[in-house]
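Tertiary structure, described
Letter by letter, the chains look like this.
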Amino acid sequence: MRIVLLGPPGAGKGTQAKTISETLAVIHVASGDLLRENQNKGTELGEMARGYMQKGLLVPDDVIIGMIQDRISNPDATNGYVLDGFPRTLEQASSLDAALSSQNQHIDKVLNIKVSDSELIVRLSGRWICRDCQRPYHETNSKPKKQGMCDECNGELYQREDDTSDAVSKRIQVYSNQTAPLIEYYKERGNLVEINGEQSIEDVRKDLLETIS
Ligand code: ADP
Ligand code: ADP
Ligand code: ZN
């Protein structure tokens with residue numbers, strides 16, 4: 001099963017990806033997490049991406065496409081994956097399709113999580129993330145059991161720089177201009193499902209699981 005989670009920044013992709021990947025026993029591939037991992041390790045890729053990410057702009061397509069191709073050609077991806085944050089441009093989507101079809105594979109479902117802009121801002125500005133396992137929390141909507149600490153792995157929680165700066169509105173704008181066209185792209189291919197993301201985390205999860213079961 002190969003799934004794409006589509007939706008604006010803060011829609012709940014990371015929150016829901018974990019449940020989906022566990023349910024389907026496939027890996028969760030989050031492009032933003034991979035980029036931040038590269039930054040923490042100080043790789044060339046991480047360093048080149050940093051400036052774009054700080055400004056809320058997309059990292060160039062060729063860089064991202066290479067990084068994701070690499071990840072999904074790993075043996076642990078043979079059963080499938082949940083893509084979270086990729087593709088984000090038409091160029092990324094068509095290169096993914098081309099790579100898959102050359103191996104007689106395809107994306108099974110694209111789940112588009114819809115949330116209004118005003119709610120996105122509330123979600124992003126209150127988001128805290130585990131430094132170790134990347135699990136997202138929220139200071140009011142989804143609190144950790146112990147303040148500042150991840151329920152899953154006891155890792156330290158931190159706020160992303162791009163969640164607390166001008167980058168927030170830039171990212172929402174970039175989503176509308178560059179990523180939203182993917183909704184039409186996948187609709188035409190017939191595998192898009194719309195999910196109302198403006199419900200409780202539990203209710204969104206139910207809708208998603210119903211769709212993929
Ligand atoms: P994305 O990966 O799409 O950017 P996240 O999963 O990181 O989004 O969620 C963004 C923020 O919103 C996090 O702080 C998360 O705890 C919170 N959140 C996620 N889903 C919901 C929901 N259904 N209702 C309220 N808050 C949510
Ligand atoms: P969010 O889910 O909150 O939008 P991500 O962690 O997915 O955040 O992405 C953070 C940043 O990483 C983006 O603003 C962008 O700079 C970069 N990025 C992540 N995925 C991609 C992608 N597919 N193409 C280009 N840039 C990306
Ligand atoms: Zn953790």
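Before reading on, note that the structure itself is shown above.
Residues numbered from 1 in each chain as written. Chains lettered and ligands numbered in written order. Predicted model: local features only at pLDDT ≥ 70, side-chain atom pairs only at ≥ 80, totals over all residues. Heavy atoms only, no water.

**Describing the overall build of the protein chain**
Assigned secondary structure in the protein chain consists of nine helices and eight strands. Over its C-alpha atoms the protein chain spans a radius of gyration of 16 Å, differing by no more than 12% from the 17 Å that the globule rule assigns to 213 residues. For the C-alpha atoms alone, the extent of the protein chain along its principal axes is close to 45 × 40 × 35 Å. Looking at the protein chain residue by residue over its 213 residues, the buried ones come to 47%. For the protein chain, restricting intrachain contacts to residue pairs at least 6 apart in sequence, the fraction spanning at least 24 positions comes to 68%. Side-chain charges of the protein chain comprise 25 positive and 32 negative groups, with the mean position of each set lying 3 Å from the other. (Helix = DSSP H or I, 4+ residues; strand = E, 2+ residues; numbered from the N terminus. Rg over C-alpha atoms; globule rule 2.2 N^0.38 Å. Buried < 20%, exposed > 50% of the residue type's maximum accessible area, 1.4 Å probe, protein only. Contact = heavy atoms within 4.5 Å. Lys, Arg positive; Asp, Glu negative; His and termini not counted. Charge placed at Lys NZ, Arg CZ, Asp CG, Glu CD.)

**Topic: the site of ligand 1**
Taken together, 19 residues are adjacent to ligand 1, and Gly 10, Thr 15, Arg 127, Tyr 137 and Gln 199 come closest. Between Gly 14 and ligand 1, the recorded distance is 2.8 Å, taken from a backbone N or O atom to an oxygen atom. With the chains in place, 93% of the 560 Å² that ligand 1 exposes on its own is no longer accessible. Elements represented by at least two residues in the shell around ligand 1 include exactly helix H1 (13-24) and strand S6 (136-138). Counted by class, the shell around ligand 1 contains six nonpolar, ten polar and three charged residues. (Near = heavy atom within 4 Å. Polar contact = N/O pair within 3.5 Å; in protein donor to acceptor, adjacent residues only side chain to side chain. Areas by Shrake-Rupley, 256 points an atom, 1.4 Å probe, with all protein chains shown as cover. Nonpolar A, V, L, I, M, F, W, Y, C, P; charged D, E, K, R; others polar.)

**Structural notes on the environment of Asn 177**
In this fold, Asn 177 is placed in helix H7 (residues 167-179). The spacing of Asn 177 and Thr 89 is 88 residues in sequence and 9.3 Å in space, taken between C-alpha atoms.

**Regarding the site of ligand 2**
Residues in close proximity to ligand 2 total 19 residues, the closest being Ser 31, Leu 57, Arg 88, Arg 127 and Arg 171. Leu 57 places a polar main-chain atom, nitrogen or oxygen, 2.6 Å from an oxygen atom of ligand 2. Looking at the shell around ligand 2 residue by residue, the class counts come to eight nonpolar, four polar and seven charged.

**Details of empty space enclosed by the protein**
Enumeration according to the criterion identifies one cavity of 30 Å³ or more in this entry. Put simply, the largest cavity is a space of about 60 Å³. The set of elements that each furnish at least two residues to the lining of the largest cavity consists of strand S1 (2-6) and H7. Across the lining of the largest cavity, the residue classes tally to five nonpolar, three polar and two charged. (1 Å grid on protein atoms, 1.4 Å probe; cavity = no way out; pocket = protein on both sides within 12 Å on 5 of 7 lines; lining within 4 Å. Points joined across faces, edges and corners; volume = space filled by probe spheres on them.)

**Observations regarding H1**
Relative to the 16 Å expected for twelve residues at 1.5 Å per residue, H1 spans 16 Å between its end C-alpha atoms, a close match to the ideal helical length. By the burial criterion, the buried members of H1 are Lys 13, Gln 16, Ala 17, Thr 19, Ile 20 and Ser 21. Lining the buried residues of H1 we find S1, strand S2 (27-30), strand S3 (81-84), strand S4 (109-114) and helix H9 (201-212). Backbone geometry just downstream of H1 places Ala 25 in the positive-phi region, at approximately 55 degrees. (Expected span 1.5 Å × (residues − 1).)

**Things to note about the packing of H7 against helix H8 (residues 181-189)**
The contact between H7 and H8 brings their axes to 5 Å, and the two run at 35 degrees. On H8, the residues touching Tyr 175, Ser 176, Asn 177, Gln 178 and Thr 179 of H7 are Pro 181, Leu 182 and Ile 183. Across the contact of H7 with H8, the residue classes tally to four nonpolar, four polar and no charged. (Axes fitted to C-alpha atoms, helices over the stretch in contact; angles between N-to-C directions.)

Read these as geometric descriptors, not functional statements.
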